[in-house]
Amino acid sequence: MEEDKIAQAFAQEEIYEWGSCAYAQLEPHLLSCRNRSRIPPHAHTVLCALFPYRVPVREHNISRYAIPPDYHHIVLPMLQRVVSRLERAFPGYAFAAFSDNSPIPEVRAASLSGLGCVGDHGLLIHPVYGSWVFIGEVVTDLPLSVPFRETAGCLHCGACAKRCPGQALQAGNLEQSRCLSHITQKKGQLSPEEQELLLRGELAWGCDLCQEVCPMNKNARPMGMQVFQEGCIPVIAPGQAASLSGRAFQWRPAAVIERNLEWMEKKENP
C-alpha cells in the first residue's frame, strides 16, 4: 500500500509522527514566498511530519527551539532524503520538501493531517509532544485518500493569553507587534515600551511563556528526537553570540541578541 511505503521512507529518518491532508484544503491559504514556485503542478497531497525537539534542561536564556543546532540545517535535509526515497518508491510522481520558509500554512496542515490541534497561541499541540515540535511538509501530486481524523481541541482556558507579557493574544488572534518573541528578534533600537516588555520576559531570544503555562503541555514527553539532543547550548553568555555557528538565532546579526543579553543583565543586576 502507498501508506506503508511512505511510512517506511519517513521511518528511515526516525520520523514517526506524520500524516496527510488534501492539498485542496490548503490551497486557498497558501503563503507568499519564493518557494511557492516549487510546489509540483497538479499537487494533490500534503504529507506533514513533526520533529519533536524539546531538550530537558533546567536553565536556559534562549527559547527552547534555539537550544539545539539550527533546525533549518536538520529538518530540511531529512525531508529531502525522504523525498529521494519516495521518488524511487513512486516513479513518475513529483515530491517537494518544505520547512519553515514554506508556502504551506504549517500549523493548519499539521492539524488537518491529524497531528494535533491548534492552540489559542497559534501553535500546534501534539497529544504526546505538546507544542514542542517543528513542522515540515512534502507536497506531491501522488493521489492519496485522506480519511477524516478527529483530534482533541484546545481547552481555550485562557492561560496563554493571561501569561503573555505584551497581551499579544486576544480572542485567539496574535498581535505580532506585542509578541515578546517578535520583539527579541527586531533589529535596531527598541522603543521604551519594547524594552520594558523585554525585561518582563525570561529569555534573551524568543519567548516560551505561552507554551510553558499551557496545561496541554503539562504531560508532554520531556525529550524530543535524538538528533536535537546533541550540540545544545542552553545559555548564551554576553559576547558569545558572534563566535557561535549553526544556531537558529543567527539569521539576525549578533548585535540583536547581544542587545537583549545586555537588557537581561540589567534585569538581574538593576
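Details of the structure are given in the entry above.
No experiment lies behind these values; they were computed from the predicted model shown.

Peer 1: Describe in detail helix α3 (residues 72–89), supporting the description with residues and values.
Peer 2: Between its first and last C-alpha atoms α3 spans 26 Å; for 18 residues at 1.5 Å apiece the expected length is 26 Å, and the two agree. Residues of α3 that are buried make contact with α1 (2–11), β2 (45–52), β3 (95–99) and β6 (133–140).

Peer 1: Please set out helix α7 (residues 192–200) residue by residue, giving values where relevant.
Peer 2: Within the span of α7, buried status applies to Glu-194, Gln-195, Leu-197 and Leu-198. Each buried residue of α7 sits inside an arc of 160° when the element is viewed along its axis, so together they form one side.

Peer 1: Describe the pairing of β3, with residues and values.
Peer 2: Burial runs high along β3: five of the five residues are buried. Side-chain alternation along β3 places Phe-95, Ala-97 and Ser-99 on one buried face and Ala-96 and Phe-98 on a second face that is also buried. Relative to β6, β3 is paired through five bridges, and the arrangement is antiparallel. From the neighbouring strand, Ala-96 faces β6, where its bridge partner is Val-139.

Peer 1: With reference to specific residues and values, describe the packing of α1 against α3.
Peer 2: Any two packed helices are characterised by the angle at which their axes cross and by the distance between the axes. Packing of α1 against α3 brings their axes to within 9 Å, and their N-to-C directions diverge by 145°. Considering how the two elements wind past one another, α1 and α3 form a crossing that is right-handed. Of α3, the residues touching α1 (which contributes Lys-5, Ile-6, Ala-9 and Phe-10) are Leu-79, Val-82, Arg-85, Leu-86 and Ala-89. Across the contact of α1 with α3, the residue classes tally to seven nonpolar, no polar and two charged.

Here is what the cut-offs are and how they apply
- Residues numbered from 1 in each chain as written.
- Predicted model: local features only at pLDDT ≥ 70, side-chain atom pairs only at ≥ 80, totals over all residues.
- Heavy atoms only, no water.
- Helix = DSSP H or I, 4+ residues; strand = E, 2+ residues; numbered from the N terminus.
- Expected span 1.5 Å × (residues − 1).
- Contact = heavy atoms within 4.5 Å.
- Buried < 20%, exposed > 50% of the residue type's maximum accessible area, 1.4 Å probe, protein only.
- Arc of directions from axis to C-beta.
- Pairing = 2+ DSSP bridges.
- Axes fitted to C-alpha atoms, helices over the stretch in contact; angles between N-to-C directions.
- Left-handed = near helix turned anticlockwise from the far one by under 90°.
- Nonpolar A, V, L, I, M, F, W, Y, C, P; charged D, E, K, R; others polar.

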